[in-house]
Amino acid sequence: MPVTDRRKAIVTGAASGIGAATLLELARAGYDVAGLDLNRAGVDEVARRAAHHGARSRGFTVDVTDEAALVAAFGAACDWLGGLDALATSAGVADTTPFMDVTVQRFRDVYAVNVIGTFVCLREAALHMKPGGRICTVASVAGLRGGGLSGTAAYAASKGAVLALTKNAARALAERGISVNTVAPGATLTPMIEQAWKNEAHRRRVEGMAVQNRTAAPEEIAKSIAFLLSPDASIVTGATLVADGGLVMY
Ligand SMILES: NC(=O)c1ccc[n+]([C@@H]2O[C@H](COP(=O)([O-])OP(=O)(O)OC[C@H]3O[C@@H](n4cnc5c(N)ncnc54)[C@H](OP(=O)(O)O)[C@@H]3O)[C@@H](O)[C@H]2O)c1
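Throughout what follows, the structure given in this document is the object of discussion. Here the structure is a predicted model, which is why all the values come from computation and not from measurement. Each residue is numbered by its place in its chain's sequence as written, counting from 1. In view of the model being predicted, local features appear only for residues whose pLDDT reaches at least 70, and side-chain atom pairs are presented and counted only at 80 or more, with totals across whole chains, interfaces and linings using the full set of residues.

**Here we look at the environment of D63**
Here is step 1 of the chain: Here a strand is any run of E in DSSP of at least two residues, a helix any run of H or I of at least four, and the numbering for each starts at the N terminus. The residue D63 is located in the loop between β3 (57-61) and α3 (67-81) in this model.
Here is step 2 of the chain: Separated by 61 residues in the primary sequence, D63 and P2 have C-alpha atoms spaced 27 Å apart.
Here is step 3 of the chain: Residues contacting D63, with those up to four places away along its chain left out, are L38 and A69. For the purpose of contact definition, each residue receives a C-beta atom placed from its backbone, and two residues are in contact when these atoms lie within 7 Å.

**Some details on the nonpolar core**
Here is step 1 of the chain: Residues L23 and V33 are the most contacted members of the largest nonpolar core, which totals 77 residues.
Here is step 2 of the chain: With nine residues, helix α6 (residues 153-173) is the single largest residue contributor to this core.
Here is step 3 of the chain: Beyond its immediate chain neighbours, meaning those up to four positions away, L23 contacts V11, A14, V33, G35, V46 and A50. Nonpolar cores are built from buried Ala, Val, Leu, Ile, Met, Phe, Trp, Tyr and Cys residues. These are joined into a set through C-beta atoms within 7 Å. Neighbour density around each residue's C-beta defines its exposure: 20 or more other C-beta atoms within 10 Å make it buried, 12 or fewer make it exposed, and counts between make it partly exposed, where C-beta atoms are placed from the backbone.

**Looking at the sheet that holds strand β1 (residues 7-12)**
Here is step 1 of the chain: The strand order across the open sheet built from seven strands is β3-β2-β1-β4-β5-β6-β7, with neighbouring strands paired in parallel fashion. Two strands in the sheet have a free side with no partner beyond their single neighbour: β3 and β7 (240-243). Adjacent strand axes in the sheet meet at a mean angle of 15 degrees when their direction is disregarded.
Here is step 2 of the chain: The pairing criterion is simple: DSSP has to find at least two bridges between the two strands. In this sheet, strand β2 (residues 31-37) lies alongside β1 in parallel orientation, the contact comprising six bridges. Its bridge partner being in β2, V11 is matched across the sheet by G35.
Here is step 3 of the chain: Only the stretch in contact is used when a helix axis is fitted, and all axes are lines through C-alpha atoms; the angle between N-to-C directions ranges over 0 to 180 degrees. α6 rests against β5 (134-138), β6 (179-185) and β7 of the sheet, and its axis sits at about 165 degrees to β6.
Here is step 4 of the chain: Its contacts with the sheet place helix α9 (residues 218-229) against β1, β4 (86-89), β5, β6 and β7, and it is angled at close to 165 degrees to β6.

**What to know about the pairing of β5**
Here is step 1 of the chain: In terms of burial, β5 is largely enclosed, as five of its five residues are buried.
Here is step 2 of the chain: Going residue by residue along β5, you find R134, C136 and V138 tucked away on one face and I135 and T137 tucked away on the opposite face as well.
Here is step 3 of the chain: Pairing analysis gives four bridges linking β4 to β5, with the strands arranged parallel. Within β5, the position partnered with A88 by the bridge is C136.
Here is step 4 of the chain: Crossover handedness is defined here as right-handed if the route from the first strand over the helix to the second strand goes clockwise, with the strands pointing away from the viewer. Remark: the β4/helix α4 (residues 104-128)/β5 crossover connection has right-handed handedness.
Here is step 5 of the chain: Strand direction decides the pairing type here: β5 and β6, joined by five bridges, are parallel. Across the sheet, the residue bridging to I135 is V180, located in β6.

**Focus: the packing of α4 against α6**
For any two helices packed against each other, the geometry is given by the interaxial angle and the distance between the axes.
Here is step 1 of the chain: In the contact formed by α4 and α6, the axes pass within 9 Å of each other and the chain directions differ by 15 degrees. On the basis of the axis angle, α4 is roughly parallel to α6. Our pair here, α4 against α6, has a crossing hand that is right-handed. Here R106, F107, V110, Y111, N114, V115, T118, F119, L122 and A126 of α4 come into contact with α6, specifically with A154, Y155, S158, K159, A161, V162, L165, A169 and L173.
Here is step 2 of the chain: Grouping the amino acids of the contact of α4 with α6 by side-chain chemistry returns 14 nonpolar, three polar and two charged. Any angle between 65 and 115 degrees counts as roughly perpendicular, while under 35 counts as roughly parallel, over 145 as roughly antiparallel, and the rest as oblique. Two helices crossing with the near one rotated counterclockwise from the far one by less than a right angle form a left-handed crossing, whereas a clockwise rotation gives a right-handed crossing. Ten residues, namely Ala, Val, Leu, Ile, Met, Phe, Trp, Tyr, Cys and Pro, are considered nonpolar, four, namely Asp, Glu, Lys and Arg, are considered charged, and the remaining ones, Gly among them, are considered polar.

**Describing the site of the ligand**
Here is step 1 of the chain: We call a residue near a molecule or strand when its C-beta atom, built from the backbone, sits within 6 Å of it. Near the ligand, the surroundings consist of 27 residues, among which G13, S16, G17, G92 and T190 are the closest.
Here is step 2 of the chain: Broken down by secondary-structure element, the contributors of at least two residues to the shell around the ligand are α1 (17-28) and α7 (191-197).
Here is step 3 of the chain: A per-class count over the shell around the ligand returns 13 nonpolar, twelve polar and two charged.

**A look at unusual backbone geometry**
Most peptide bonds adopt trans geometry, and most residues besides glycine take a negative phi value.
Here is step 1 of the chain: In this structure, N213 takes a positive phi of about 55 degrees despite not being glycine.
Here is step 2 of the chain: In this structure, N213 sits in the loop between α8 (200-207) and α9.

**Looking at α6**
Here is step 1 of the chain: In this model α6 runs 30 Å from its N-terminal to its C-terminal C-alpha over 21 residues, within 8% of the 30 Å that 1.5 Å per residue would give.
Here is step 2 of the chain: Those residues of α6 not exposed but buried are A154, Y155, A156, A157, S158, K159, V162, L165, T166, A169, A170 and L173. Here the expected span of a helix is defined as 1.5 Å times the quantity of residues minus one.

**Description of the environment of T182**
Here is step 1 of the chain: Mapped onto the fold, T182 is located in strand β6.
Here is step 2 of the chain: Judged by C-beta crowding, with 29 C-beta atoms within 10 Å, T182 ranks as buried.
Here is step 3 of the chain: With 71 residues separating them along the chain, T182 and Y111 place their C-alpha atoms 17 Å apart.
Here is step 4 of the chain: Sequence-distant contacts of T182, defined by excluding residues within four places in its chain, comprise C136, T137, V138, A139, V162, L163, T166 and T240.

By themselves, these figures tell us nothing about what the structure is for.
See the structure below:
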């Protein structure tokens, strides 16, 4: 299928959860989309569903912790799309290891995906985007609160780093005309929390911390991301959109 004049977006972590919902939301909103994920079958299936919305769509299999592979996949996705207007970085891993049991290796593994994987995507997007390009990273309320839901030290610290990295990128990339924002979701019903949510008491306790007293659907987070990626958010950069049903209010 030839390159079109639709807006073009890359979504990482597109095989599952918030990334999958974002790929589909952007396809519905008129983008051509490329999904990057470790999970080949999953990302191909979500790309196939995105095509039902009239989008050119394709999955690319990559581990975001492998810099050379990520640079190559990112370039291949931009070539296939015929440019890049928007990037959402949703690839991420959780970690619920109790504080005293967190090893340095575990900390590094979580950072490799959540922080360094995000950084490489930001850097590569800046190389491929023209002025007007828009980026949305995915942090977490864990990065604002220091954890407290299911995630602990390595996860909370990695998401705090994503918040700072996003603001730094917004400063650094402004001169290229690129805007960078982040969404900080609260509990969102995806495979990442499915196991924890089997504990009904834990789920109710966490949900009760937010004024809406519920878990978000991934589609609700995807709509927040799509807004930050859209030209409607033209004045917004360096911002954190807290999408958590009123858990963190500041
Ligand atoms: N769900 C929540 O409550 C919640 C709350 C706040 C923030 N978040 C954040 O939202 C983002 C998306 O999470 P989610 O809930 O949608 O989780 P998810 O359903 O587990 O989706 C994450 C996706 O990222 C992929 N991935 C993991 N490591 C990767 C790597 N090294 N390279 C490429 N892809 C990789 C996963 O592939 P595999 O499945 O093959 O590993 C999966 O497809 C994460 O950054 C998460 O921290 C989630």
